[in-house]
Amino acid sequence: MQVRVLFFGMLKEMVGRSGEETEFPEGSDLRGIFEIYAARHPRLREMARSIVIARNREFADLSTRVEEGDEVAFLPPVSGGAAGGPLEVVADGHYFALTRQAIDPRAIARRVMTGREGAVVTFEGTVRNNTKGRPTLCLDYECYESMALEMMAKIGLEIAAANPVGRVAIVHRLGRMLIGETSVAVIVTAPHRRPAFAAALEGIDRLKKLVPIWKKEHFVDGEVWVEGEWDRDVPVAG
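Residues numbered from 1 in each chain as written. Predicted model: local features only at pLDDT ≥ 70, side-chain atom pairs only at ≥ 80, totals over all residues. Heavy atoms only, no water.

Focus on the sheet that holds strand E2 (residues 19-23)
Put simply, the rule reads: Two strands pair under a simple rule: DSSP has to find at least two bridges between them. Secondary structure elements are taken from DSSP: a helix is a run of H or I of four residues or more, a strand is a run of E of two residues or more, and numbering for both begins at the N terminus.
In spatial order, the strands read E2-E1-E5-E3-E4; together these 5 strands make up an open sheet with mixed pairing. Only two strands of the sheet have a single partner each, and these edge strands are E2 and strand E4 (58-59). Both strand E1 (residues 2-7) and strand E5 (residues 71-75) contribute to a ladder of 4 bridges, which runs parallel. Paired with phenylalanine 7 across the strands is phenylalanine 74, a residue of E5.

This is the structure:
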């Protein structure tokens, strides 16, 4: 059977490609596919405890069977963001997007405001000029776009359903970003301030551990993919 296999972040560099269409025996599961690539690229096995595998844009256990035409993605630890305009999801007034353009938090806030809110809380993640004192030149963000957008929407809608808030917006930027630029914005409207603050904090915390987005930092003397940490409930390869 033919399966599409994708690699992201540092894993893409380890295997030397971003993806391929390849044949596997009928009845193969994700464990078997991982073992095939780990045998070719031993560094994958060394990182098994922090690699997550997705099948058809959903996190999956290694015992998951693979079928003809499936898409399997190898995902390194998240770093906790389309040309021509954003990829976006709008649901019941909530807004979620990936963009390669500058993020305008005020415009996003206006998009989700209804006039019923007494509070609008905006969190912006910005590019800082150093990491642990090491001067940073710029950042590159990449992601598994379709899965990332679905996960952002899922997080936002769950937060909205579980808290006394109005609307939630989450927007992440992709590509090259310079010092001081905004990489991510989480915006929450609510009748009162405390639920809005709590929901915005939950939104960025969950995004950092669940959404397949990776960050590469560029320094004067080199570059490195930032290794974050998956949420503890996400199944890993090792």
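Remarks on the packing of aromatic side chains
Condition: Aromatic contacts are taken between Phe, Tyr and Trp rings whose centres are within 6.5 Å, Trp giving its six-membered ring; a plane angle under 30 degrees counts as stacked, one over 60 as edge-to-face, and the others as tilted. Each residue is assigned to one of three classes by its accessible area relative to the maximum for its type, calculated with a 1.4 Å probe on protein chains only: buried under 20%, partly exposed between the two thresholds, exposed over 50%.
Scanning the entire structure with this criterion turns up 7 aromatic pairs. Where phenylalanine 7 meets phenylalanine 74, the ring centres are 5.1 Å apart and the plane angle is 40°; that geometry is what we call tilted. One end of the pair, phenylalanine 7, is in strand E1; the other, phenylalanine 74, is in strand E5, and 67 residues separate them in sequence. With a relative accessible area of 1%, phenylalanine 7 lands in the buried category. Classification of phenylalanine 74 by relative accessible area gives buried; the value is 0%. Seen from their ring centres, phenylalanine 34 and phenylalanine 74 are 6.1 Å apart, and the 20° between their planes marks the pair as stacked. Residue phenylalanine 34 is located in helix H2 (residues 30-40), and its partner phenylalanine 74 is located in strand E5; the two are separated by 40 residues in the primary sequence. Here phenylalanine 34 matches phenylalanine 74 in class, with each residue buried.

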